[in-house]
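Next come the chains, spelled out residue by residue.
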Amino acid sequence: MSVALDLARHAEPNTQEEFQTEYLQALRLIERLHRLLLDVIKNEFDRKGGSELNSVQALLLYNIGDSVLTAGELKSRGYYLGSNVSYNLKKLVDMGYIDCKQSETDGRSKRVSLTEKGLEASNIVTGLYQRQLGSIETVGEVSNEDLSRLNKALVRLERFWTDQVRYRL
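A.B. asks: How would you summarise the sheet that holds strand 2 (residues 98-102) if you had to cite specific residues and measurements?
C.D. replies: Read from one edge of the open sheet, three strands run 1-3-2, paired in antiparallel fashion. The open sheet has two edge strands with one neighbour each: strand 1 (69-70) and strand 2.

Right under this line is the structure:
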């Protein structure tokens, strides 16, 4: 009996240590993957001759798509590393990628939508993602089941972090 208790005592710290290692690695991967996604998007625009846009602006255009959104709604659709969404929206309006109109219901709020130029840029990101879907399983060895499990875990992690902020845990 005492041998079983000794084994349980020794297994617990190791398991906790392994869990900590996995969690910290996941944090680093999440950050690195987002940065890498932005690099992939930027490379695609460089190849297509759209280098006046940075990757964050291209991602903003993709996340607007054919919707009409406020800056707050857009911010909740994605994460734009190291950027100010309002600043980038103003730049995109100035470059002719976005139309910006005062909200009819809330005068303090502005609603944005894509111009034809913005839609073309958004379609470049869509095309990139579609092309990746054609090879992610065979070349990247990432299956539908892998992505499904990953998405479930990330949603739970997002909920956990949201609760940490909301309830100051």
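A.B. asks: Requested: an account of the packing of aromatic side chains, with residues and values cited.
C.D. replies: Within the structure shown, the criterion is met by one aromatic pair. The ring of tyrosine 97 carries the charged tip of lysine 117 above its face, separated from the ring centre by 4.6 Å.

A.B. asks: Which residues make up helix 6 (residues 144-166), and what values do they have?
C.D. replies: Along its 23 residues, helix 6 runs 32 Å from first to last C-alpha, staying within 8% of the 33 Å computed at 1.5 Å per residue. After helix 6 finishes, the residue arginine 168 shows a positive phi value of roughly 50°.

A.B. asks: How would you explain the confidence of the model for the chain if you had to name every residue and give the values?
C.D. replies: Summary statistics for the chain give a mean pLDDT of 87 and a share of 89% for residues scoring 70 or more. Mean pLDDT across the elements of the chain bottoms out in helix 3 (residues 71-77) (78) and peaks in helix 5 (residues 116-133) (96).

Conventions and cut-offs
- Residues numbered from 1 in each chain as written.
- Predicted model: local features only at pLDDT ≥ 70, side-chain atom pairs only at ≥ 80, totals over all residues.
- Heavy atoms only, no water.
- Pairing = 2+ DSSP bridges.
- Helix = DSSP H or I, 4+ residues; strand = E, 2+ residues; numbered from the N terminus.
- Phe/Tyr/Trp six-rings, centres within 6.5 Å; stacked < 30°, edge-to-face > 60°.
- Lys NZ or Arg CZ within 6 Å of the ring centre and 35° of its normal.
- Expected span 1.5 Å × (residues − 1).
- pLDDT = per-residue confidence, 0-100.

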